[in-house]
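Residue-level listing of the chains:
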Amino acid sequence: MPEQDLLLIALYALLGAGGAGALGAVALRMVRRRSVAVSLAVVTAVAVLAMLAGTLAVAWAMFLSSHDLTAVTVVVAVAAVVSLGTALLLGRQVVMRCRELVEAARAFGEEGTFTTPSVPAPAELAALSRELALTGERLTASRERERALETSRRELVAWISHDLRTPLAGLRAMSEALEDGVAADPARYHRQMRTEVDRLNSMVGDLFELSRIHAGALSLSPTRLNLYDLVGDALAGTDALAREHGVRLVGDGTASLPVEVDGKEMTRVLSNLLVNAIRHTPADGTVAIAAEAREGTVVLSVTDACGGIPEEDLTRVFDTGWRGTQARTPPGGAGLGLAIVRGIVEAHDGHAHVRNVTGGCRFELTLPAPA
């Protein structure tokens, strides 16, 4: 067949098929908000009509016999029926899978859990189902964390209310006794009032520090310091409390390591850990502080002789307001010290951890080693 005739046939086929394609584009735009099954049927019909239009245009241009034209038309019609049937069947399956996914998503919104449809679905719908399942798991974990935080907040409010009421009631009673002149030893009353005011001031300071941590307003001024000096300052600051409780402080395991931290905030961290350990260690017990370099980090640990923490409470030790059993509740404490420790350490890109050891527990602070 001459090349000119082939080009002419292609031109007529393009004109016929192009007209059918243009009509199909208009039809798809009209049904774009309808079911995907309708869109599949339109696409199939456009494909068949494009082939039929192209064939008829070529047959008209080449003046084919009516017999040949009828045969071609019958073949195209049969192909159209089969194609439309297949498209409708496929569309129906896709629609059913979509409806199942919609029902699962609706149940997800109402019950909070997503159940993946058991019937196999196309790859795209299966991927969407997996993403919804992962989202459901993340939301469930988030709700659990939120419930735990809300429980901690309620406990904190209850404990703070109790801890504030006790010293305030004592202050009021002592001030009334002094005002009425019935205090047998006014100097002792003044000393006791000063002690209670110091306790209140410490609690308010802890609340303020914790609010800064939670609000992300904790401003750090990291400088390069020697960990040995930091530990020495913390031991000196808690030595009097240790002697009062009959507890030995041991800091021989502290290596001379450089760290890049905010000296004031890290001293507060070490002080909180040491005070916590001293208060929970019985008389004649030992509180040991140590530091070592470990795989690109600096690990600082405080080990006490408290007898250990119940396994179910280990994950809650650093929660706001947690104070454990009544036996571990420090006098005047509000359960904020360890929460502050974790907040400050995490602000230094480190993390805090606690585990039980023989006779007590060990708090470990992991900080990044300076470059």
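Residues numbered from 1 in each chain as written. Predicted model: local features only at pLDDT ≥ 70, side-chain atom pairs only at ≥ 80, totals over all residues. Heavy atoms only, no water.

Labelled according to an unreviewed UniProt entry, the chain appears under the name Sensor-like histidine kinase SenX3, originating from Streptomyces vinaceus. Heading Subcellular location (unreviewed entry) of the UniProt record for the chain holds this comment: "Cell membrane". The heading Catalytic activity (unreviewed entry) in the UniProt record of the chain holds the text "ATP + protein L-histidine = ADP + protein N-phospho-L-histidine." (UniProt positions renumbered as here; feature names shortened; annotations may be inferred.)

## Quick notes on the overall build of the chain
Within the chain one finds eight helices and seven strands. Looking at the 371 residues of the chain, the share that counts as buried comes to 34%. If you take every contact in the chain between residues at least 6 apart in sequence, the share linking residues at least 24 apart comes to 69%. Accessible surface computed for the chain: about 21900 Å², of which carbon and sulfur atoms make up 60%. (Helix = DSSP H or I, 4+ residues; strand = E, 2+ residues; numbered from the N terminus. Buried < 20%, exposed > 50% of the residue type's maximum accessible area, 1.4 Å probe, protein only. Contact = heavy atoms within 4.5 Å. Areas by Shrake-Rupley, 256 points an atom, 1.4 Å probe, with all protein chains shown as cover.)

## Let's talk about the sheet that holds strand S5 (residues 297-303)
In space, the five strands of this open sheet follow the order S2-S4-S5-S7-S6, with mixed pairing throughout. Across the chains shown, the open sheet's two edge strands, defined by having one partner strand only, are strand S2 (248-254) and strand S6 (351-357). For this sheet, the mean inter-axis angle between neighbouring strands, taken without regard to orientation, is 20 degrees. Inspection of the sheet shows strand S4 (residues 286-294) paired to S5 by seven bridges, in the antiparallel sense. When the sheet's bridge partners are listed, Glu-292 is paired in S5 with Val-299. Strands in contact with helix H7 (residues 263-280) are S2, S4, S5 and strand S7 (360-368); relative to S7, the strand with the most contacts, it is inclined by about 170 degrees. Across the sheet, helix H8 (residues 337-347) touches S6 and S7, and the angle it forms with S7 is around 25 degrees. (Pairing = 2+ DSSP bridges. Axes fitted to C-alpha atoms, helices over the stretch in contact; angles between N-to-C directions.)

## Focus on H8
Among the residues making up H8, those that are buried are Leu-338, Ala-339, Ile-340, Val-341, Gly-343, Ile-344 and Val-345. Turning to H8, the residues buried within the fold contact helix H5 (186-214), H7, S6 and S7. Just past H8, the residue Asp-349 takes up positive phi, approximately 65 degrees.

## Regarding helix H6 (residues 227-245)
If you check H6, its first and last C-alpha atoms are 26 Å apart, about what 19 residues at 1.5 Å a residue would give, namely 27 Å. Thr-238 marks where H6 bends most, by close to 45 degrees. Residues of H6 that are buried sit in contact with strand S1 (223-226), S2, strand S3 (258-261), H7, S4 and S5. Between a side-chain oxygen at the N-terminus of H6 and the backbone nitrogen of Tyr-228 the separation is 2.8 Å; the capping residue is Asn-226. (Expected span 1.5 Å × (residues − 1). Bend = angle between axes of the 7 residues up to and from the residue. Polar contact = N/O pair within 3.5 Å; in protein donor to acceptor, adjacent residues only side chain to side chain.)

## Focus: the pairing of S5
For S5, a buried count of six out of seven residues is recorded, marking the element as mostly surrounded by other parts of the structure. Once S4 ends, the chain turns through two residues before running back antiparallel as S5, passing Glu-295 with a positive phi of about 50 degrees. As paired elements, S5 and S7 share seven bridges and run antiparallel to each other. Residue pairing in the sheet places Leu-300 in a bridge with Leu-365 of S7.

## Some thoughts on the pairing of S4
Relative to S4, S2 is paired through five bridges, and the arrangement is parallel. Looking at the pairing, Val-250 lines up with Ala-288 of S4.

## Observations regarding the nonpolar core
By size, the foremost hydrophobic cluster in this structure holds 46 residues, and its most contacted members are Leu-227 and Leu-300. By residue number, the principal contributor to this core is H7, which donates eight residues. If sequence neighbours within four positions are ignored, Leu-227 has contacts with Thr-254, Ala-255, Leu-257, Val-259, Ala-291, Val-298 and Leu-300. (Core = buried A, V, L, I, M, F, W, Y, C linked by side-chain atoms within 4.5 Å.)

## Here's the deal with the pattern of salt bridges
Under the definition given, this model contains seven salt bridges. Glu-176 serves as the salt-bridge partner of Arg-172, at 3.2 Å between the closest nitrogen and oxygen. Here the residue Arg-172 and the residue Glu-176 both occupy positions in helix H4 (residues 123-180), the gap between them amounting to four residues, near one helical turn. Note on Arg-172: relative accessible area 59%, which makes it exposed. (Salt bridge = Lys/Arg side-chain N within 4 Å of Asp/Glu carboxyl O.)

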